[in-house]
Amino acid sequence: MQIRLKTKITLTTALLVVAVVAVNSGLYVASLTRQVIRQADNRAGLVAQQVFFQAQNALAEAAAAGQAPASDSAADLREYVRKSLDESTALASLIDAEVGYSFLVYEVTVVDIGGTALISSDASLPGRPAPSRTRLSQLVGSGFVNQLRVIYGPPRAYEVSYPFKLGAPGHQVPFGEIRVAVQTGLLRNEIAPALRGAALLAMISVLASVLLVGLVSSISLAPLKRITAQLDRISRGEFDQKPLERGDEFGQVSTKINQIGQQLRGVREIFSTLRENLDQVLGGLEDGLLLFTRDGRAVMVSPAVERFLGAPSDSLLGRHAEEIFPADHPVRRAVRLHDGVFEPVAAAEVVLPGQGEPSRRVGVSVQMITEGVTRMGSLVTLTDLESRERISTQLQVSERLAALGRITAGVAHEVKNPLNSMRLWLENLKVSLPDAEDMPRQAVNVLDKEIDRLDNVVKRFLDFTRPVELHQEESSLAELMNEVLGVARPQMVRAKIEVETRFSDVPPVLVDRQLLKQALLNLVLNAVDAMPNGGKISLSARRRGDTAEIRVGDTGRGIAPEHRQRVFQLFFTTRPGGNGIGLASAFRTVQLHNGSIDFETEVGRGTTFTIVLPLARQLEPALPRPQDMGRDTARNA
Ligand SMILES: Nc1ncnc2c1ncn2[C@@H]1O[C@H](COP(=O)(O)OP(=O)(O)OP(=O)(O)O)[C@@H](O)[C@H]1O
Ligand SMILES: [Mg+2]
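Predicted model, so just to flag it, every value in this text is computed and none were measured. (Residues numbered from 1 in each chain as written. Chains lettered and ligands numbered in written order. Predicted model: local features only at pLDDT ≥ 70, side-chain atom pairs only at ≥ 80, totals over all residues.)

### Concerning unusual backbone geometry
Phi at Lys496 is positive, roughly 55 degrees, even though this residue is not glycine. Within the fold, Lys496 resides in the loop between helix 14 (477-494) and strand 14 (497-503). Here the phi dihedral of Asn594 falls at roughly 60 degrees; this positive angle occurs in a residue that is not glycine. Positionally, Asn594 belongs in the loop between helix 16 (582-592) and strand 18 (596-602). (Helix = DSSP H or I, 4+ residues; strand = E, 2+ residues; numbered from the N terminus.)

As structure tokens, this is what we get:
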């Protein structure tokens with residue numbers, strides 16, 4: 001059970017007050033009791049003394065009236081005293097008054113030296129031995145607890161005695177005693193009103209103090225409520241809080257909380273910036289990353305993981321490693337995972353079923369994340385091996401192109417000069433040949449044609465290797481592709497090829513229209529060539545993240561596996577009459593635009609080329625990268 005602070009303070013204070021009041025009341029009752037007993041003792045002693053003086057008076061009166069003991073015998077003397085006392089009305093009324101009206105005195109008896117009652121307020125007593133009772137002085141001297149026990153226990157009688165002596169002063173002889181009995185019940189009555197008053201006072205003081213403490217604590221704890229509200233708002237992210245304007249501890253605490261709130265805001269901002277950066281970095285990664293805690297829960301899953309595992313990365317967050325990679329999962333066979341704990345794996349290879357595509361080879365690695373010697377978690381990386389290999393092939397192709405370009409551009413230039421001089425001499429020869437000579441004229445014509453062809457090849461080659469200056473402008477892909485289709489239409493009609501276009505809403509791209517048109521035309525013409533018996537060309541453009549994706553697909557013969565590595569190479573062709581320049585040139589154009597080109601193919605089913613280009617906003621001025629390809633040409637030209 002939760003007890004509120006205010007209740008606790010009030011209860012504790014109430015208990016404290018009760019304890020103090022109890023001790024005080026105890027002391028008060030003790031001193032009151034002692035006082036009442038002492039008073040009773042004094043009062044009873046006084047009564048006994050008065051009775052003694054009155055008895056002396058009675059004896060003096062009897063002597064004055066001429067009465068005397070019958071003889072000197074003790075019995076006569078006793079009888080004389082008894083009679084004298086018995087006959088004294090003053091004595092009788094004194095005793096009656098004391099017993100009747102005093103709250104204290106319960107019995108007054110005069111006894112002789114043998115203890116036999118002479119006269120008594122109890123009429124049955126005279127002539128009989130008077131009961132002897134405990135002395136009240138004993139009770140006066142006893143301890144507090146004993147006093148309380150006696151007074152609040154069953155009623156008991158105590159007595160105070162006063163010696164009864166006869167004879168003239170200086171010659172007195174003891175005769176008996178005056179006993180005044182006091183009853184404890186009567187004493188109790190004496191104390192009760194004072195006790196009631198004390199109890200009432202104690203109760204009132206306890207009640208008043210509880211009320212007062214309740215009031216004071218609720219006033220002094222009121223700022224706590226506001227501090228709690230302040231904390232609540234900070235935890236909701238409202239960091240701009242005004243601290244309580246107080247000089248006391250609450251004010252200081254509130255100011256400190258405010259400072260912590262400000263620090264928290266800073267930390268949160270840093271955190272969210274880091275998080276955004278991390279998300280961006282993760283979003284741009286081709287590899288799938290899964291970060292697991294020490295006990296195997298996924299705390300970070302990069303978006304690319306979806307391409308490998310088929311489940312949205314958000315849905316994997318917080319799940320257990322053994323749930324993500326169940327026992328029959330291909331990845332599970334490559335990694336060692338026990339009770340959510342991974343063991344490091346350098347580079348394993350698994351085949352993952354593709355999501356609606358053919359299955360693919362995936363590299364799996366597991367790294368431990370440690371801090372000092374403590375294991376913090378594990379990082380699982382999934383890599384698409386095939387696309388990595390494709391990229392490396394593309395890189396090799398472009399490197400080779402560059403190298404080849406450098407060498408051949410020089411050679412081509414060297415070929416062009418003799419060709420020009422050959423043509424010059426041939427023209428001279430043509431003019432000087434006699435008309436009748438058929439045979440030499442035919443030879444000259446053949447030479448002329450061949451020189452033309454050679455010249456043409458060298459020109460195209462030089463065109464290809466010449467550094468290009470890009471004339472980029474914002475262009476609509478749909479428009480561009482429609483223009484390309486317009487150019488290729490006659491060939492497509494002749495080959496009975498259907499066209500299907502799908503241009504979704506793609507933002508403009510910043511491109512060199514002529515170059516890109518030529519590249520796309522090359523792809524379309526290749527597709528037409530691949531379908532001599534008709535088929536379908538699908539052209540599409542769509543937005544993918546920060547890029548535009550263009551696809552040119554056909555239902556033609558496909559590319560044989562042994563040719564796939566080489567199609568982008570300059571002069572690679574399988575087509576009779578082909579030059580093997582189309583794809584190499586398209587490749588170069590895409591590279592100049594900071595894009596990428598790739599293809600998927602299946603023999604007998606068709607081929608789809610995909611070009612990815614950055615959107616206009618992101619495009620930085622593209623560097624004409626293969627400058628180095630034509631550097632020599634440029635210098636020599
Ligand atoms: N859509 C396609 N379907 C099948 N094979 C293709 C396709 N596109 C290209 N190829 C293959 O790639 C080779 C190279 O193509 P590329 O366009 O570079 O040269 P080419 O078409 O042979 O000659 P040209 O220089 O006249 O274009 C082709 O010869 C062909 O074997
Ligand atoms: Mg071609």
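### Points about the domain arrangement of the protein chain
Per the domain assignment, the segments making up the protein chain are domain 1 (5-198), domain 2 (278-383), domain 3 (389-465) and domain 4 (472-621). Each of domain 1 and domain 2 was reduced to a C-alpha centroid, and the two centroids are 104 Å apart. (Domains from an automatic or database assignment.)

### Quick look at the pairing of strand 2 (residues 117-120)
Bridge count for strand 1 (residues 105-112) against strand 2 is three bridges, and the pairing is antiparallel. Within the sheet, the bridge partner assigned to Thr109 lies in strand 2 and is Ser120. (Pairing = 2+ DSSP bridges.)

### A closer look at the site of ligand 1
Near ligand 1, the surroundings consist of 23 residues, among which Asn526, Ala530, Thr573, Gly578 and Gly582 are the closest. Considering only residue class, the shell around ligand 1 consists of eight nonpolar, 12 polar and three charged. (Near = placed C-beta within 6 Å. Nonpolar A, V, L, I, M, F, W, Y, C, P; charged D, E, K, R; others polar.)

### Overview of the packing of helix 14 against helix 15 (residues 513-529)
Relative to each other, helix 14 and helix 15 sit at 40 degrees, their axes nearing to 9 Å. Crossing handedness for the pair helix 14 and helix 15: right-handed. Between helix 14, through Leu480, Met481, Glu483, Val484, Val487, Ala488, Gln491 and Met492, and helix 15, the contact on the second element is made entirely by Arg513, Leu516, Lys517, Leu520, Leu521, Val524, Leu525 and Val528. When the residues that make up the contact of helix 14 with helix 15 are grouped by side-chain class, the tally is 12 nonpolar, one polar and three charged. (Axes fitted to C-alpha atoms, helices over the stretch in contact; angles between N-to-C directions. Left-handed = near helix turned anticlockwise from the far one by under 90°. Contact = placed C-beta atoms within 7 Å.)

### Concerning the environment of Asp529
If you trace the backbone, Asp529 turns up in helix 15. The exposure class of Asp529 is partly exposed, given the 18 C-beta atoms found within 10 Å. Here the alpha-carbon distance between Asp529 and Arg557, two residues 28 residues apart in the chain, equals 9.4 Å. (Buried ≥ 20, exposed ≤ 12 C-beta atoms within 10 Å, placed from the backbone.)

### Looking at the sheet that holds strand 11 (residues 360-371)
Taken in spatial order, the five strands line up as 7-6-12-11-10 in an open sheet, and their pairing is antiparallel. Two strands close off the open sheet at either side, each with one partner strand: strand 7 (298-301) and strand 10 (345-352). Each adjacent strand pair in this sheet contributes to an overall mean axis angle of 20 degrees, direction not counted. Pairing analysis gives six bridges linking strand 6 (residues 288-293) to strand 12 (residues 374-384), with the strands arranged antiparallel. Bridge pairing in strand 12 places Leu290 opposite Val380.

### Describing the sheet that holds strand 16 (residues 535-544)
The strands that make up a sheet are held in pairs by hydrogen bonds between backbone atoms, and each pair lies either parallel or antiparallel. Read from one edge to the other, the open sheet built from five strands follows the order 14-16-17-19-18, with strand pairing classed as mixed. Single-partner strands in this sheet number two, and they are strand 14 and strand 18. In this sheet, adjacent strand axes meet at a mean angle of 15 degrees when their direction is disregarded. Contacts from helix 14 reach strand 14, strand 16 and strand 17 (547-554), with the element oriented near 180 degrees to strand 14.

### Looking at helix 1 (residues 5-64)
Taking 1.5 Å of rise per residue, the 60 residues of helix 1 would be expected to cover 88 Å, and the 86 Å separating its terminal C-alpha atoms lies within 8% of that figure. Taken together, the buried positions of helix 1 are occupied by Thr10, Val21, Thr33, Ile37, Ala40, Asp41, Ala44, Val47, Ala48, Val51, Ala55 and Ala58. Backbone geometry just after helix 1 places Gly66 at a positive phi near 85 degrees. (Expected span 1.5 Å × (residues − 1).)

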